[in-house]
Amino acid sequence: MTTTTTFSFTHRPLIPFAHDYAHGDSEPWHQHDCAQLLHSLSGVVRVETAAGCWVVPPGRGVWFPAATQHALRITGNVAARTLFIDPLARADLPAACQIVQISPLLRELIVSSFDLAERYSPGSRDERVYELILDEIRVMQALPFHLPEPHSDLLRTLCKQIGEEPAREWTTTLAASLTNMSERTLNRHFQQQTGLSFGEWVRRARLMAALLRLAQGQSVLRVALDTGYGSHSAFTAMFRRVMGVSPSDYFR
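About the cut-offs
- Residues numbered from 1 in each chain as written.
- Predicted model: local features only at pLDDT ≥ 70, side-chain atom pairs only at ≥ 80, totals over all residues.
- Heavy atoms only, no water.
- Salt bridge = Lys/Arg side-chain N within 4 Å of Asp/Glu carboxyl O.
- Helix = DSSP H or I, 4+ residues; strand = E, 2+ residues; numbered from the N terminus.
- Buried < 20%, exposed > 50% of the residue type's maximum accessible area, 1.4 Å probe, protein only.
- Axes fitted to C-alpha atoms, helices over the stretch in contact; angles between N-to-C directions.
- Parallel < 35°, antiparallel > 145°, perpendicular 65-115°, else oblique.
- Left-handed = near helix turned anticlockwise from the far one by under 90°.
- Contact = heavy atoms within 4.5 Å.
- Nonpolar A, V, L, I, M, F, W, Y, C, P; charged D, E, K, R; others polar.
- Pairing = 2+ DSSP bridges.
- Polar contact = N/O pair within 3.5 Å; in protein donor to acceptor, adjacent residues only side chain to side chain.

A. Quick look at the pattern of salt bridges. Enumeration according to the criterion identifies 14 salt bridges in this entry. In this structure, the salt-bridge partner of Glu200 is Arg204, at a minimum N-O distance of 3.4 Å. Taken together, the positions of Glu200 and Arg204, both in helix H6 (residues 198-215) and four residues apart, correspond to about one turn of that helix. Look at Glu200 and you get partly exposed, because its relative accessible area is 26%. Here Arg204 falls in the buried class, since its relative accessible area comes to 17%. With a shortest N-O distance of 3.6 Å, Arg222 and Asp226 are connected by a salt bridge. Here Arg222 and its partner Asp226 are both found in helix H7 (residues 220-226), four residues apart, which amounts to about one turn of the helix. By relative accessible area, which is 48% here, Arg222 ends up partly exposed. Asp226 sits in the partly exposed class, given a relative accessible area of 28%. When salt bridges that share partners are traced, they join Arg90, Asp92, Glu131, Asp135 and Arg138 into one network.

Now the structure itself:
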(Lines give C-alpha, C1' and ligand atoms only; values in the text may rest on other atoms or scores of the structure.)
Protein backbone atom coordinates (compact mmCIF):
# COMPACT_ATOMS: atom_id res chain seq x y z
CA MET A 1 0.00 0.00 0.00
CA THR A 2 1.28 3.47 -0.89
CA THR A 3 1.03 6.16 1.78
CA THR A 4 0.67 9.85 0.97
CA THR A 5 2.29 12.66 2.97
CA THR A 6 0.77 16.13 2.82
CA PHE A 7 2.41 19.51 3.43
CA SER A 8 1.17 23.05 3.94
CA PHE A 9 2.75 25.87 1.94
CA THR A 10 0.61 28.66 3.33
CA HIS A 11 3.56 30.76 4.49
CA ARG A 12 6.53 29.61 2.36
CA PRO A 13 7.10 27.89 -1.01
CA LEU A 14 9.31 25.06 0.28
CA ILE A 15 10.03 23.10 3.45
CA PRO A 16 13.54 21.75 4.21
CA PHE A 17 14.00 18.40 5.93
CA ALA A 18 17.18 16.59 7.06
CA HIS A 19 17.48 12.87 7.71
CA ASP A 20 20.46 10.52 8.06
CA TYR A 21 20.11 6.90 6.95
CA ALA A 22 22.25 3.92 7.96
CA HIS A 23 23.48 1.33 5.48
CA GLY A 24 20.68 -1.10 4.65
CA ASP A 25 17.84 1.26 5.57
CA SER A 26 14.86 1.53 3.25
CA GLU A 27 11.60 3.40 2.84
CA PRO A 28 8.50 1.59 1.56
CA TRP A 29 6.39 2.83 -1.34
CA HIS A 30 5.01 6.28 -0.66
CA GLN A 31 4.27 9.60 -2.34
CA HIS A 32 3.92 13.27 -1.45
CA ASP A 33 1.29 15.78 -2.49
CA CYS A 34 4.12 18.16 -3.43
CA ALA A 35 7.35 18.08 -5.42
CA GLN A 36 10.52 16.84 -3.72
CA LEU A 37 14.25 17.37 -4.22
CA LEU A 38 16.33 14.83 -2.29
CA HIS A 39 20.05 15.69 -2.10
CA SER A 40 22.48 13.01 -0.91
CA LEU A 41 25.61 14.37 0.80
CA SER A 42 27.11 10.89 1.23
CA GLY A 43 26.33 7.28 0.37
CA VAL A 44 24.11 6.07 -2.46
CA VAL A 45 20.31 6.04 -2.69
CA ARG A 46 18.52 3.62 -5.03
CA VAL A 47 15.11 4.94 -6.05
CA GLU A 48 12.41 2.69 -7.44
CA THR A 49 9.38 3.99 -9.34
CA ALA A 50 6.85 2.45 -11.69
CA ALA A 51 8.88 3.79 -14.62
CA GLY A 52 12.18 2.19 -13.57
CA CYS A 53 14.94 2.80 -11.07
CA TRP A 54 17.44 5.56 -10.41
CA VAL A 55 20.71 5.58 -8.47
CA VAL A 56 21.60 8.81 -6.68
CA PRO A 57 25.38 9.07 -6.22
CA PRO A 58 26.78 11.19 -3.38
CA GLY A 59 26.69 14.90 -4.12
CA ARG A 60 23.81 14.53 -6.58
CA GLY A 61 20.05 14.75 -6.14
CA VAL A 62 16.82 13.20 -7.32
CA TRP A 63 13.76 15.20 -8.33
CA PHE A 64 10.24 13.87 -7.76
CA PRO A 65 7.24 15.67 -9.26
CA ALA A 66 4.18 15.74 -7.01
CA ALA A 67 2.42 12.39 -6.49
CA THR A 68 5.35 10.29 -7.77
CA GLN A 69 5.13 6.88 -6.09
CA HIS A 70 8.59 5.73 -5.04
CA ALA A 71 10.58 3.57 -2.63
CA LEU A 72 14.15 4.04 -1.37
CA ARG A 73 17.01 1.66 -0.60
CA ILE A 74 20.13 2.94 1.15
CA THR A 75 23.74 1.87 0.50
CA GLY A 76 26.39 3.28 2.81
CA ASN A 77 25.63 5.97 5.36
CA VAL A 78 23.46 8.56 3.63
CA ALA A 79 23.09 12.13 4.84
CA ALA A 80 19.98 13.29 2.99
CA ARG A 81 18.84 16.91 2.74
CA THR A 82 15.39 17.25 1.23
CA LEU A 83 13.28 20.13 0.01
CA PHE A 84 9.51 19.63 -0.20
CA ILE A 85 8.28 22.17 -2.73
CA ASP A 86 4.92 23.68 -3.54
CA PRO A 87 4.20 22.39 -7.08
CA LEU A 88 2.58 25.74 -7.87
CA ALA A 89 5.62 27.76 -6.77
CA ARG A 90 6.89 27.85 -10.37
CA ALA A 91 5.13 27.04 -13.61
CA ASP A 92 8.21 25.39 -15.14
CA LEU A 93 9.45 23.05 -12.43
CA PRO A 94 10.79 19.72 -13.84
CA ALA A 95 7.91 17.51 -14.96
CA ALA A 96 9.63 14.10 -14.72
CA CYS A 97 11.52 12.13 -12.11
CA GLN A 98 15.26 12.50 -12.76
CA ILE A 99 18.73 12.45 -11.22
CA VAL A 100 20.12 15.98 -11.19
CA GLN A 101 23.41 17.77 -10.75
CA ILE A 102 23.45 19.87 -7.58
CA SER A 103 25.49 22.98 -8.28
CA PRO A 104 27.74 24.39 -5.53
CA LEU A 105 25.37 27.34 -5.23
CA LEU A 106 22.27 25.16 -4.87
CA ARG A 107 24.06 22.94 -2.35
CA GLU A 108 24.81 25.95 -0.14
CA LEU A 109 21.27 27.27 -0.60
CA ILE A 110 19.83 23.93 0.54
CA VAL A 111 22.01 24.08 3.67
CA SER A 112 21.04 27.68 4.35
CA SER A 113 17.31 26.94 3.90
CA PHE A 114 17.25 25.32 7.35
CA ASP A 115 17.92 28.74 8.88
CA LEU A 116 15.19 30.57 6.97
CA ALA A 117 12.10 31.81 8.76
CA GLU A 118 8.81 30.08 8.02
CA ARG A 119 7.08 33.47 7.98
CA TYR A 120 8.88 36.38 6.35
CA SER A 121 8.22 39.90 5.09
CA PRO A 122 7.86 40.65 1.36
CA GLY A 123 11.17 41.82 -0.06
CA SER A 124 13.16 40.40 2.87
CA ARG A 125 16.41 38.45 2.55
CA ASP A 126 14.59 35.22 3.47
CA GLU A 127 12.13 35.72 0.64
CA ARG A 128 14.95 36.36 -1.83
CA VAL A 129 16.77 33.19 -0.74
CA TYR A 130 13.59 31.13 -1.14
CA GLU A 131 13.11 32.57 -4.63
CA LEU A 132 16.75 31.94 -5.57
CA ILE A 133 16.42 28.29 -4.54
CA LEU A 134 13.43 27.92 -6.85
CA ASP A 135 15.35 29.63 -9.66
CA GLU A 136 18.27 27.20 -9.26
CA ILE A 137 15.92 24.19 -9.24
CA ARG A 138 14.51 25.29 -12.60
CA VAL A 139 17.95 25.05 -14.26
CA MET A 140 19.23 21.81 -12.70
CA GLN A 141 21.05 19.54 -15.18
CA ALA A 142 19.62 16.04 -15.57
CA LEU A 143 22.12 13.14 -15.33
CA PRO A 144 21.95 9.70 -17.04
CA PHE A 145 21.48 7.57 -13.91
CA HIS A 146 18.03 6.34 -14.84
CA LEU A 147 17.52 2.69 -15.74
CA PRO A 148 14.12 2.59 -17.48
CA GLU A 149 11.99 -0.50 -17.07
CA PRO A 150 10.76 -2.17 -20.28
CA HIS A 151 7.06 -2.99 -20.55
CA SER A 152 7.11 -6.58 -21.80
CA ASP A 153 7.56 -9.50 -19.45
CA LEU A 154 10.16 -11.01 -21.78
CA LEU A 155 12.44 -7.98 -21.67
CA ARG A 156 11.86 -7.51 -17.94
CA THR A 157 13.07 -11.05 -17.35
CA LEU A 158 16.13 -10.37 -19.48
CA CYS A 159 16.86 -7.13 -17.60
CA LYS A 160 16.54 -8.90 -14.26
CA GLN A 161 19.06 -11.49 -15.42
CA ILE A 162 21.47 -8.74 -16.50
CA GLY A 163 21.13 -7.13 -13.08
CA GLU A 164 21.95 -10.43 -11.40
CA GLU A 165 24.93 -11.14 -13.68
CA PRO A 166 26.49 -7.77 -14.62
CA ALA A 167 29.91 -9.37 -15.24
CA ARG A 168 28.58 -11.58 -18.04
CA GLU A 169 29.44 -10.55 -21.59
CA TRP A 170 26.02 -9.25 -22.57
CA THR A 171 26.22 -8.99 -26.34
CA THR A 172 23.20 -8.29 -28.50
CA THR A 173 23.67 -11.76 -30.00
CA LEU A 174 23.42 -13.44 -26.59
CA ALA A 175 20.39 -11.37 -25.53
CA ALA A 176 18.63 -12.06 -28.83
CA SER A 177 19.14 -15.82 -28.46
CA LEU A 178 17.80 -15.76 -24.88
CA THR A 179 14.65 -13.94 -25.98
CA ASN A 180 14.17 -15.80 -29.31
CA MET A 181 14.38 -12.54 -31.25
CA SER A 182 16.59 -11.28 -34.01
CA GLU A 183 19.18 -8.71 -32.93
CA ARG A 184 17.40 -6.05 -34.95
CA THR A 185 14.05 -6.84 -33.28
CA LEU A 186 15.64 -6.85 -29.82
CA ASN A 187 17.20 -3.42 -30.34
CA ARG A 188 13.95 -2.06 -31.75
CA HIS A 189 11.94 -3.24 -28.74
CA PHE A 190 14.53 -1.88 -26.29
CA GLN A 191 14.49 1.49 -28.05
CA GLN A 192 10.69 1.61 -28.11
CA GLN A 193 10.19 0.52 -24.50
CA THR A 194 13.12 2.20 -22.71
CA GLY A 195 14.36 4.92 -25.04
CA LEU A 196 17.81 3.27 -24.99
CA SER A 197 19.61 0.80 -27.19
CA PHE A 198 20.35 -2.58 -25.63
CA GLY A 199 24.06 -1.75 -25.36
CA GLU A 200 23.41 1.59 -23.63
CA TRP A 201 20.96 -0.05 -21.22
CA VAL A 202 23.62 -2.61 -20.23
CA ARG A 203 26.25 0.13 -19.75
CA ARG A 204 23.92 2.05 -17.46
CA ALA A 205 23.02 -1.09 -15.52
CA ARG A 206 26.71 -1.81 -14.95
CA LEU A 207 27.44 1.75 -13.85
CA MET A 208 24.58 1.69 -11.35
CA ALA A 209 25.72 -1.67 -10.01
CA ALA A 210 29.25 -0.28 -9.70
CA LEU A 211 28.07 2.79 -7.77
CA LEU A 212 26.28 0.59 -5.24
CA ARG A 213 29.35 -1.63 -4.78
CA LEU A 214 31.74 1.31 -4.46
CA ALA A 215 29.49 2.89 -1.83
CA GLN A 216 29.87 -0.33 0.20
CA GLY A 217 33.64 0.16 0.24
CA GLN A 218 34.56 -2.56 -2.27
CA SER A 219 37.88 -2.10 -4.10
CA VAL A 220 37.86 -0.55 -7.57
CA LEU A 221 39.44 -3.68 -9.09
CA ARG A 222 36.83 -5.97 -7.54
CA VAL A 223 34.00 -3.71 -8.72
CA ALA A 224 35.51 -3.54 -12.21
CA LEU A 225 35.65 -7.32 -12.53
CA ASP A 226 32.23 -7.84 -10.93
CA THR A 227 30.58 -5.48 -13.43
CA GLY A 228 32.09 -6.86 -16.61
CA TYR A 229 35.22 -4.77 -17.13
CA GLY A 230 38.44 -6.62 -17.90
CA SER A 231 40.74 -4.35 -15.95
CA HIS A 232 41.01 -1.58 -13.39
CA SER A 233 42.05 0.89 -16.11
CA ALA A 234 39.12 0.10 -18.42
CA PHE A 235 36.62 0.61 -15.61
CA THR A 236 38.34 3.79 -14.41
CA ALA A 237 38.30 5.23 -17.93
CA MET A 238 34.53 4.59 -18.23
CA PHE A 239 33.88 6.01 -14.77
CA ARG A 240 35.96 9.13 -15.42
CA ARG A 241 34.20 9.69 -18.76
CA VAL A 242 30.74 9.58 -17.14
CA MET A 243 31.43 11.03 -13.67
CA GLY A 244 34.28 13.42 -14.44
CA VAL A 245 36.65 11.95 -11.81
CA SER A 246 38.18 8.57 -10.96
CA PRO A 247 36.23 6.16 -8.68
CA SER A 248 38.69 6.60 -5.80
CA ASP A 249 38.46 10.40 -6.02
CA TYR A 250 34.67 10.37 -6.32
CA PHE A 251 34.07 8.42 -3.12
CA ARG A 252 36.86 10.00 -1.11
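Here the narrative resumes, following the displayed structure.
B. Spatial organisation of the packing of helix H3 (residues 153-164) against H6. At their nearest, the axes of H3 and H6 sit 10 Å apart, and the two run at 40 degrees to each other. Of the possible angle classes, the one that applies to H3 and H6 is oblique. H3 and H6 meet at a crossing whose hand is right-handed. For the pair formed by H3 and H6, the contact residues are Leu158, Cys159 and Ile162 on the first element and Phe198, Trp201, Val202 and Ala205 on the second. Class assignment for the residues of the contact of H3 with H6 results in seven nonpolar, no polar and no charged.

C. Main features of the sheet that holds strand S12 (residues 146-148). Pairing is mixed in the open sheet, where six strands are placed in the order S1-S3-S8-S5-S6-S12. For this open sheet the edge positions go to strand S1 (3-5) and S12, each flanked by a neighbour on one side alone. In this sheet, neighbouring strand axes are inclined to one another by 30 degrees on average, regardless of whether the strands run parallel or antiparallel. Strands in contact with H6 are strand S5 (44-49), strand S6 (52-56), strand S8 (70-75) and S12; relative to S12, the strand with the most contacts, it is inclined by about 130 degrees.

D. Structural view of the side chain of Thr68. Here Thr68 shows up in the loop between strand S7 (60-64) and S8. For Thr68, a relative accessible area of 16% translates into the label buried. A polar side-chain atom of Thr68 sits 2.8 Å from the main-chain carbonyl oxygen of Pro65. Apart from the residues within four sequence positions on either side, Thr68 is in contact with His30, Gln31 and Thr49.

E. Focus on unusual backbone geometry. Within the chain, Ala67 stands out as a residue other than glycine whose phi angle is a positive 70 degrees. Inspection of the secondary structure assignment puts Ala67 in the loop between S7 and S8. Overall, the relative accessible area of 47% leaves Ala67 in the partly exposed class. Its identity as a non-glycine residue notwithstanding, Asn180 has a phi of 55 degrees, on the positive side.

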